[in-house]
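What the coordinates show
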Amino acid sequence: QVQLVESGGGLVQAGGSLRLSCAASGRTFSSYAMGWFRQAPGKEREFAAAIDWRGGRTIYADSVKGRFTISSDNAKNTVYLQMNSLKSEDTAVYYCAASYSRFSDYRTLLTYDYWGQGTQVTVSS
């Protein structure tokens with residue numbers, strides 16, 4: 001019943017930046033964590049970043065660590081993914097997801113209960 005809508009994707013040159021947003025709507029929203037995943041053509045969906053709503057603690061995939069920053073705005077029910085120093089291998093559809101599981105591995109797909117529709121990020125080299 002939770003609706004998650006991603007926005008902010010687009011085409012960017014390698015080395016550039018994009019900021020993705022994920023807005024939650026449709027019902028009262030309360031989850032333990034929000035995550036960003038990405039899926040390139042022909043590949044499995046993979047974890048990028050996650051944030052703990054309660055404490056603001058964050059985790060990142062090694063592939064994006066130091067380049068991407070996940071953040072949240074509780075008042076807006078919105079999670080962001082700031083992506084800097086983008087590489088061609090970052091090209092993918094990016095999905096946000098909400099988890100209602102406590103003490104879970106937020107790097108894992110099955111931890112998440114609701115998913116957005118995805119937003120395309122294309123990085124040209």
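Refer to the structure printed above.
What counts and how
- Residues numbered from 1 in each chain as written.
- Predicted model: local features only at pLDDT ≥ 70, side-chain atom pairs only at ≥ 80, totals over all residues.
- Heavy atoms only, no water.
- Helix = DSSP H or I, 4+ residues; strand = E, 2+ residues; numbered from the N terminus.
- Rg over C-alpha atoms; globule rule 2.2 N^0.38 Å.
- Buried < 20%, exposed > 50% of the residue type's maximum accessible area, 1.4 Å probe, protein only.
- Areas by Shrake-Rupley, 256 points an atom, 1.4 Å probe, with all protein chains shown as cover.
- Lys, Arg positive; Asp, Glu negative; His and termini not counted.
- Charge placed at Lys NZ, Arg CZ, Asp CG, Glu CD.
- Core = buried A, V, L, I, M, F, W, Y, C linked by side-chain atoms within 4.5 Å.
- Contact = heavy atoms within 4.5 Å.
- Pairing = 2+ DSSP bridges.
- Axes fitted to C-alpha atoms, helices over the stretch in contact; angles between N-to-C directions.
- Polar contact = N/O pair within 3.5 Å; in protein donor to acceptor, adjacent residues only side chain to side chain.

**Here we look at the overall build of the protein chain**
Secondary structure summary: the protein chain contains zero helices and eleven strands in total. The secondary structure elements of the protein chain, listed N-terminal to C-terminal, are β-β-β-β-β-β-β-β-β-β-β. Against the globule reference of 14 Å for 125 residues, the protein chain gives a C-alpha radius of gyration of 13 Å, in line with a compact fold. For the C-alpha atoms alone, the extent of the protein chain along its principal axes is close to 40 × 25 × 25 Å. In the protein chain, which comprises 125 residues, the share counted as buried stands at 44%. A total of about 6400 Å² of accessible surface is found on the protein chain, and carbon and sulfur atoms cover 46% of it. Charge separation in the protein chain, taken as the distance between the mean sites of 13 positive and 10 negative side-chain charges, equals 4 Å.

**Section: the nonpolar core**
Counting residues in each nonpolar core, the largest one holds 37 residues, and the members touching the most others are Leu4, Met34, Trp36, Ile70, Leu81, Met83 and Tyr94. Residues contacting Met83, with those up to four places away along its chain left out, are Gly16, Ser17, Leu18, Leu20, Arg67, Phe68, Tyr94 and Val121.

**Details of the environment of Cys96**
Relative to the elements of secondary structure, Cys96 occurs in strand β9 (residues 92–99). Distance from Cys96 to Gly118, taken between C-alpha atoms, is 7.1 Å for residues 22 residues apart in sequence. Sequence-distant contacts of Cys96, that is, excluding residues within four places in its chain, are made with Leu4, Glu6, Cys22, Gly35, Trp36, Tyr114, Trp115 and Gly116.

**Observations regarding the sheet that holds strand β7 (residues 68–73)**
Across the sheet, four strands lie side by side as β1-β3-β8-β7; this open sheet has antiparallel pairing. Lying at the two open borders of the sheet, with one neighbouring strand each, are β1 (3–7) and β7. In this sheet, adjacent strand axes meet at a mean angle of 15 degrees when their direction is disregarded. In this structure, β1 lies alongside strand β3 (residues 18–25), joined through five bridges in antiparallel fashion. Note on β3: the bridge partner recorded for Gln3 is Ser25.

**Considering the environment of Met83**
Counting through the fold element by element, Met83 comes out in strand β8 (residues 78–83). On a C-alpha basis, the gap between Met83 and Asp73 in space is 17 Å, while along the polypeptide they are ten residues apart.

**Comments concerning the side chain of Thr78**
Considering the arrangement of structural elements, one finds Thr78 in strand β8. On the basis of relative accessible area, Thr78 is assigned to the buried category, the value being 8%. Reaching out from Thr78, the side chain makes a polar contact with the backbone oxygen of Lys76 at a distance of 2.8 Å.

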